[in-house]
Each structure stands twice: as structure tokens, then as C-alpha cells.
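Understanding the architecture of this molecule
Here is what each chain is made of, one letter per residue.
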Amino acid sequence: MQEGNLSLKTGIPGPLSAKYQEIKEKNISRGVSNLVPFLIKEGKGALVKDLDDNVYIDFSSGISTLNLGHSHPEIVEVIKKQAEKFSHTCFLVIMYESYIKLAEQLNKLAPGDFPKKAAFFNSGAEAVENAVKFARRFSKKNAIVSLECGFHGRTLLTMTLTSKVRPYKFGYGPFAPEIYKLPSPYCYRCRFGLTYPECNLACAYYLEKFFVTECPAENIAAIIVEPVQGEGGFIVPPPGYFKVIREICDKHNILLLADEIQTAFGRTGKMFALEHSGVAADLITVAKSIAGGLPLSGVIGRAEVMDAPDPGEIGGTYSGNPIACEAALKVLEIIEREDICTRSVDVGGEIVSRLRQMQERYSLIGDVRGVGAMVAMELVRDPKTKEPAPDETKMIVQECYKNGLITLSAGIFGNVIRLLVPLVITAEQLATGLDILEKAVAKVGSRVS
Ligand SMILES: Cc1ncc(COP(=O)(O)O)c(C=O)c1O
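Computed from a predicted structure; not experimentally measured. (Residues numbered from 1 in each chain as written. Predicted model: local features only at pLDDT ≥ 70, side-chain atom pairs only at ≥ 80, totals over all residues. Heavy atoms only, no water.)

1. Describing the site of the ligand
- Near the ligand, the surroundings consist of Ser 123, Gly 124, Ala 125, Phe 151, His 152, Gly 153, Glu 226, Glu 231, Asp 259, Ile 261, Gln 262 and Lys 288.
- A distance of 3.4 Å is found between a nitrogen atom of the ligand and a backbone nitrogen or oxygen belonging to Phe 151.
- Between the ligand and Gln 262 there is a distance of 2.8 Å, counted from an oxygen atom to a side-chain nitrogen or oxygen.
- In isolation the ligand offers 390 Å² of accessible surface; the protein chains occlude 82% of this area.
- For the shell around the ligand, a count of residues per class yields 3 nonpolar, 5 polar and 4 charged. (Near = heavy atom within 4 Å. Polar contact = N/O pair within 3.5 Å; in protein donor to acceptor, adjacent residues only side chain to side chain. Areas by Shrake-Rupley, 256 points an atom, 1.4 Å probe, with all protein chains shown as cover. Nonpolar A, V, L, I, M, F, W, Y, C, P; charged D, E, K, R; others polar.)

Written out as C-alpha cells, the structure is:
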């Protein structure tokens, strides 16, 4: 595929994509839905070409999995090389170097000045499941606290930890026991009706009350948090929030588990997003951008917590696949060598400034927020009542792809447009994508009078 910009040759979807869509509907579960009505033929950097040769700018990065873009040539090369050597042994049967080297590197990179160990899995949900296993085995306690508006996966346990009812939970109960929910640090819609900084971080200190009203601290193994809540709508906790949570966890012997699955590997301008808070978690879950699009996830944590299980208690047939581990080693090398974290801050700055300009023009944009290149806008029907605008959000996403831009929605009310641009995007592609987005907002939203 040619480097450059978008090019639309047919209506969307084109005839070939439409043909496959029909076959898909006959053969694939209705529960597996798709954001855009076309199929990919090729991807390169921030560009996607569909079956009908239309080229789009991709602001979705496979939901934060392609921080280094589609088919990064160096990652493709190591994948090919490893596939030629061996593609699977099961690390529990025969070990290989890449799994061990990757653990060593991540243990060094993860925040926290203490000995760490790691273990690898396949999906994000599987990493969260295992992080909970480590926490329970170590602490000998079983309750887990998660945050409202949080998302941790679609398995029974991780779905229980997750907040949004539809489409994630409705009809799928009963849920896993001993999971408790804490209010989200969602400043735009504060559950306590307060404003930062006058709130004095009431949402964080609420945890002490929670031990009285919801679950005693002595039963709680861990609190799981996303440094920036992803699916919930890119909710950025206020400064100081994680320091307070950390202090309360320490006081009550509760492990802090940071779910960095959507936030790590440069997305927020740091290797791990929790670094912004100066706080270290006891356990970290990673997945998505760790391996440039290959299925790989992991848990990194305090050595004593990670060593709580006896040999044989942790693992899985495909966990820490050797091709994915080689890809991950290359991802870490590229992030460091090409200073991708600085690039994330620059790209994010550009996006925020464009979105803020749009916000001045369109009352539909209630809030613009984010960290680094993890940026979103929350859409509301009225900036005073903050009534969510989910239908308008869907219309903007559709208007965008029809004009060559792939964007994602998110948010507990489905009214957030989140931008997860590949961090290797060119300035021209970024500007073109933001122009398409602005035109879509202009079409759907009304101007500030
Ligand atoms: C923060 C977070 N945790 C867990 C998951 C689940 O990951 P997976 O879809 O790979 O199971 C996701 C996926 O979006 C996520 O964003």
C-alpha cells in the first residue's frame, strides 16, 4: 500500500465488502458485531485499505493495540523469523528465551523500586483473571474492589468487575461473588456533586467509608483500577487520586492492581500510565499494544505476590506464545529507540488543541479530556444538563467512516468519541483525520450561539 493519505473509490461499503458482510451475517454469531461495514485487505502505519481498495485513516489502533501502527516492518520481520524457527512449545513444557527476556525487561520498566516477577497469558481478560488469582493466593483474602465505569474484560470474573450493563452484562448473570464497586473518579459527572480541587478528593477518601458500608478492609485482597478508565470514556482521575488510594491500601494491607491493558506502552506519554501519578501498583496487567497486534498479555508484580502460587498453579497452553514474545521485545525496543512517549505527548497535544477549538464552536462537545495521545470528547445534548448524546455519537462515528476516518465510541453512556491514533501517524494524516472529524461534528452538532 502506498504511503500517503486517504482515498475513497466506492460507496462505503464497496461491493466486495458488502458481499462478505452478507456471508458474515449468515455464518457468524450476531453477538459479534462490527464498527465499520467493510473488511480490511491491508494495513500500514495509520492507514487501512479495504477489500474494494478504499484507503482510510485509522484513529482506532485496534482499540489501543497498534500504538506502533499496522504492520510495522521491524515487527513483521521478527514475526516471520520466529515463525520459521518454532511457533509453539507451551512454555510450561519447553522454555524459550523470549519469554524470559520479556519478563526481565518488563520487570525493570514497570514502576516500583522493588523486586518484580512476571507471567504471560493471551488476552487482557486472562491477565486480569490471573492477577486476581495472584492477589487472592498471596493475601488469603477473597474480595476484589473495582471502580464504576471500569472495564476489565468479558469472561465471568472480568465481566463482573466491569461496570457497563449493556452490552457487557445484561442477561449474563449470575456474576462472580465477592466483587464490590467503588464510585468512579469521574470529575465531569462527580457522584458526590463536587468539583476538583474543592472536593478534597472525596471519591478517593470514600474508600474508608466503603469499608464500613460495603465490605470490610480485612476481606479485600485487591483494588483494581485503570489509570485512565478506557471503555468507561477516557475518565482521567484527578491529580492526587492514586496517592490517596495507595495510602489507604497500604494502611489496610490491600493490594493495588493497575489494569494498564489499554493505557500502557506509550499511549499516555509514559511506558505505564500510572507513572504520571508517582504511585507504584503491586500488580500490573498488560496486553493490547504489548505485541504489535499479536495476542499476548501479562501480569507484572511484586515478587512475593507473584511467587505466592505453587509450581503448576499458573499457566495455559498458549500463554506467552514465542512469536508474540519476540514481537513484544521488538515493540519495547522501538518505543525506546524512537522515543514514542514524546511522540505520544506531541500527537496528544495537537489533538487536544483541535478538540478544544471545536468545543468552542459546537455545544455538543461537553468535555475534552485525556492524557498523552489517549484523548476523548464527551458529547452532550445540553452543556448545562449534561444529558448524554449517544445517538449523535453514533452518527458522528458513521459520518467519519463514510468520509474515510475510523473512530471509536466509548463511555458508560455511549456518548464519548475516543481517539486512539497510532503513535506513528504522520502530521498530514493526523490533520486530515481531525478535519473529517470536525466536519462530522459540524454536520451532527449545533453551533454555539
Ligand atoms: C482496561 C482493560 N482491561 C481489560 C480488557 C480486556 O482485554 P481483552 O479484550 O484482550 O480480553 C480491556 C479491553 O478493552 C481493557 O481496556
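2. Describing unusual backbone geometry
- For the bond running from Ile 12 to Pro 13, omega is 0°, close enough to zero to count as cis.
- Examined against the element boundaries, Pro 13 turns out to sit in the segment before α1 (15-27).
- Pro 174 follows Gly 173 through a cis peptide bond whose omega is 0°.
- Not every positive phi belongs to a glycine, and Phe 265 is a case in point at roughly 65°.
- By the element assignment, Phe 265 lies in the loop between β8 (255-259) and β9 (283-286). (Helix = DSSP H or I, 4+ residues; strand = E, 2+ residues; numbered from the N terminus.)

3. Describing the pairing of strand β12 (residues 374-379)
- In terms of burial, β12 is largely enclosed, as 6 of its 6 residues are buried.
- Here β12 shows two buried faces, one formed by Met 374, Ala 376 and Glu 378 and the other by Val 375, Met 377 and Leu 379.
- By the bridge criterion, 6 bridges tie strand β11 (residues 365-371) to β12 in an arrangement that is antiparallel. Across the sheet, Ile 365 pairs through a bridge with Leu 379, a residue of β12.
- Where β11 folds back on β12, the antiparallel hairpin that results is connected by 2 residues, among which Gly 372 adopts a positive phi of roughly 55°. (Buried < 20%, exposed > 50% of the residue type's maximum accessible area, 1.4 Å probe, protein only. Pairing = 2+ DSSP bridges.)

4. Re the domain arrangement of the chain
- Segmenting the chain into domains produces domain 1 (15-58 + 339-444) and domain 2 (75-337).
- Each of domain 1 and domain 2 was reduced to a C-alpha centroid, and the two centroids are 26 Å apart.
- At the junction of the two partners, domain 1 supplies 32 residues and domain 2 supplies 28 residues.
- For the pair domain 1 and domain 2, the two sides together bury roughly 2,300 Å², of which 61% comes from carbon and sulfur.
- The partner of Arg 418 in a salt bridge is Glu 231, and the shortest N-O contact between them spans 2.9 Å. (Domains from an automatic or database assignment. Contact = heavy atoms within 4.5 Å. Buried area = accessible area lost by both parts, 1.4 Å probe. Salt bridge = Lys/Arg side-chain N within 4 Å of Asp/Glu carboxyl O.)

5. Side note on helix α11 (residues 340-361)
- Spanning 22 residues, α11 covers 32 Å between terminal C-alpha atoms, matching the ideal 32 Å at 1.5 Å per step.
- Here α11 has its buried residues at Ile 340, Cys 341, Ser 344, Val 347, Gly 348, Ile 351, Val 352, Arg 354, Leu 355 and Met 358.
- The secondary structure elements touched by the buried residues of α11 are α10 (322-337), β11, β12, β15 (416-419) and α13 (427-444). (Expected span 1.5 Å × (residues − 1).)

6. Brief notes about the packing of helix α12 (residues 390-402) against α13
- Relative to each other, α12 and α13 sit at 135°, their axes nearing to 9 Å. If you check the angle between α12 and α13, you find them oblique. Crossing handedness for the pair α12 and α13: right-handed. Of the residues in α13, those in contact with Glu 392, Met 395, Ile 396, Glu 399 and Cys 400 of α12 are Ile 436, Leu 437, Ala 440, Val 441, Lys 443 and Val 444.
- Residues of the contact of α12 with α13, tallied by class, amount to 8 nonpolar, no polar and 3 charged. (Axes fitted to C-alpha atoms, helices over the stretch in contact; angles between N-to-C directions. Parallel < 35°, antiparallel > 145°, perpendicular 65-115°, else oblique. Left-handed = near helix turned anticlockwise from the far one by under 90°.)

7. Structural notes on the sheet that holds strand β3 (residues 55-58)
- Judged by pairing direction, the sheet is mixed, and its 4 strands sit side by side in the order β1-β2-β3-β13 without closing on themselves. In the strand order of this sheet, the two ends are held by β1 (40-44) and β13 (405-406), each with one partner.
- In terms of strand pairing, β3 meets β13 through 2 bridges, oriented parallel. By the bridge assignment, Ile 57 is partnered in β13 with Leu 405.

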